[in-house]
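Here is how the chains run, residue by residue.
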Amino acid sequence: NNRVNRWNKNVITYNIGRYTSDLPHSTVDSLIESALSVWARASTLTFVRLRTQRADIMVEFSTFEHGDAYPFDGSKGTLAHAFGPGEGIGGDAHFDDDETWTAGSKGFNLYLVAAHEFGHSLGLRHSQNPESLMYPTYKSSRSPKNSQPYYYSRHGWN
Ligand SMILES: COc1ccc(S(=O)(=O)[C@H](CC(=O)O)C(F)F)cc1
Ligand SMILES: [Zn+2]
Ligand SMILES: [Zn+2]
């Protein structure tokens, strides 16, 4: 059915596994945290980072074949993908480490891409609104702070 599923809880955990070598670990940590905070502000969700256990959203950087049915494709093309809410791989967000990940406007901006992927991790599909965070294509000029994500109420995402 085309009804996307949702997490059945408000506290969602995440854990960052393999890192990219494009950025310091601390920079990756803060960009991931900022990308999640976009959704925390637009919903009643809170995100808690785990360091040792498996979390709802496992974040990792990998290349080509990486253990799921969606191998990456080298530089450009697919930048990242994320699975909708659910057990196991559900919610996980994978980033293609054959891209150049940056905190600025060069390469691909990790904050922008992560904010989009976490939308998928929360069950959102693409938006046709070019201003939306969930617009299907990457545009380096888009900054999530002025592109309104959906809002989340007890009725779900709107
Ligand atoms: C703005 O954020 C993104 C836009 C496009 C992509 S993507 O080109 O990797 C897209 C994956 C996606 O929509 O999440 C493609 F289908 F692979 C990722 C993040
Ligand atoms: Zn994957
Ligand atoms: Zn997408």
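See the structure printed just above.
What you are looking at is a predicted structure, and each value in this text was computed from that prediction instead of being measured. (Residues numbered from 1 in each chain as written. Chains lettered and ligands numbered in written order. Predicted model: local features only at pLDDT ≥ 70, side-chain atom pairs only at ≥ 80, totals over all residues. Heavy atoms only, no water.)

A. Focus on the site of ligand 1. As a structural note, the neighbourhood of ligand 1 is formed by Thr-78, Leu-79, Ala-80, Val-113, His-116, Glu-117, His-120, His-126, Pro-136, Thr-137 and Tyr-138. One of the side-chain nitrogen or oxygen atoms of Glu-117 is found 2.7 Å away from an oxygen atom of ligand 1. Between ligand 1 and His-120 there is a distance of 3.4 Å, counted from an oxygen atom to a side-chain nitrogen or oxygen. Across the complex, the protein chains shield 79% of the 430 Å² of accessible surface that ligand 1 would expose by itself. The element best represented in the shell around ligand 1 is helix α2 (residues 110-121), accounting for 4 residues. Among the residues forming the shell around ligand 1, the class breakdown is 5 nonpolar, 5 polar and 1 charged. (Near = heavy atom within 4 Å. Polar contact = N/O pair within 3.5 Å; in protein donor to acceptor, adjacent residues only side chain to side chain. Areas by Shrake-Rupley, 256 points an atom, 1.4 Å probe, with all protein chains shown as cover. Helix = DSSP H or I, 4+ residues; strand = E, 2+ residues; numbered from the N terminus. Nonpolar A, V, L, I, M, F, W, Y, C, P; charged D, E, K, R; others polar.)

B. Geometry of the packing of aromatic side chains. Enumeration over the complete set of coordinates arrives at 6 aromatic pairs. Here Trp-101 and Phe-108 contribute two aromatic rings whose centre-to-centre distance is 6.4 Å and whose plane-to-plane angle is 55 degrees, an arrangement assigned as tilted. (Phe/Tyr/Trp six-rings, centres within 6.5 Å; stacked < 30°, edge-to-face > 60°.)

C. Geometry of unusual backbone geometry. Backbone geometry places Phe-64, a non-glycine residue, at a positive phi of 45 degrees. Residue classification places Phe-64 among the partly exposed positions, given a relative accessible area of 46%. (Buried < 20%, exposed > 50% of the residue type's maximum accessible area, 1.4 Å probe, protein only.)

D. Up close: the coordination of the zinc ion (ligand 2). Looking at the zinc ion (ligand 2), one finds its protein donor set to be His-66 (NE2), Asp-68 (OD), His-81 (NE2) and His-94 (ND1), positioned 1.9 to 2.0 Å from the metal centre. The coordination sphere of the zinc ion (ligand 2) comprises 4 donor atoms, whose angles at the metal cover 96 to 119 degrees; the geometry is tetrahedral. Counting along the primary sequence, the residues that act as donors to the zinc ion (ligand 2) give the motif H-x1-D-x12-H-x12-H. Here His-81 lies in strand β4 (residues 80-82) and Asp-68 lies in the loop between β3 (57-62) and β4, a separation of 13 residues in the sequence. (Donors = N, O, S within 2.8 Å, 3.2 Å for Na, K, Ca; no water. Tetrahedral: all angles 85-135°; square planar, octahedral: opposite > 155°, others 65-115°.)

E. Here's a closer look at the coordination of the zinc ion (ligand 3). Here the zinc ion (ligand 3) is held by the protein donor atoms His-116 (NE2), His-120 (NE2) and His-126 (NE2), which lie 2.0 Å from it. Counting the intervening residues between successive donors of the zinc ion (ligand 3) yields the motif H-x3-H-x5-H. Here His-116 pairs with His-120, and both are found in helix α2, just 4 residues apart, close to one helical turn. His-120 carries the same exposure label as His-116, and that label is buried.

F. Looking closely at helix α1 (residues 25-41). Between the first and last C-alpha of α1 there are 24 Å, a value that for 17 residues agrees with the 24 Å anticipated at 1.5 Å per step. Regarding α1, the residues found buried are Val-28, Asp-29, Leu-31, Ile-32, Ala-35, Leu-36, Val-38 and Trp-39. (Expected span 1.5 Å × (residues − 1).)

G. View of the nonpolar core. The biggest cluster of nonpolar side chains holds 35 residues, and the ones touching the most others in it are Ile-32, Phe-47, Phe-95, Trp-101 and Phe-118. Among the secondary structure elements, those contributing two or more residues to this core are β1 (11-16), α1, β3, β4, β5 (93-96) and α2. By residue number, the principal contributor to this core is α1, which donates 7 residues. Sequence-distant contacts of Phe-95, defined by excluding residues within four places in its chain, comprise Val-59, Glu-60, Phe-61, Ser-62, Phe-72, Leu-79, Ala-80, Trp-101, Leu-110, Val-113, Ala-114 and Glu-117. (Core = buried A, V, L, I, M, F, W, Y, C linked by side-chain atoms within 4.5 Å. Contact = heavy atoms within 4.5 Å.)

H. Representation of the sheet that holds β4. Strand order in the open sheet formed by 5 strands is β2-β1-β3-β5-β4, and the pairing between neighbours is mixed. The open sheet has two edge strands with one neighbour each: β2 (46-49) and β4. Averaged over all pairs of adjacent strands, the angle between their axes in this sheet comes to 20 degrees, without regard to strand direction. In this sheet, β2 lies alongside β1 in parallel orientation, the contact comprising 4 bridges. Following the sheet pairing, Val-11 is matched in β2 by Thr-46. Taken strand by strand, α1 contacts β1, β2 and β3, and its axis lies near 160 degrees from that of β1. Strands in contact with α2 are β3, β4 and β5; relative to β5, the strand with the most contacts, it is inclined by about 145 degrees. (Pairing = 2+ DSSP bridges. Axes fitted to C-alpha atoms, helices over the stretch in contact; angles between N-to-C directions.)

Just geometry here; none of it tells us what the structure is for.
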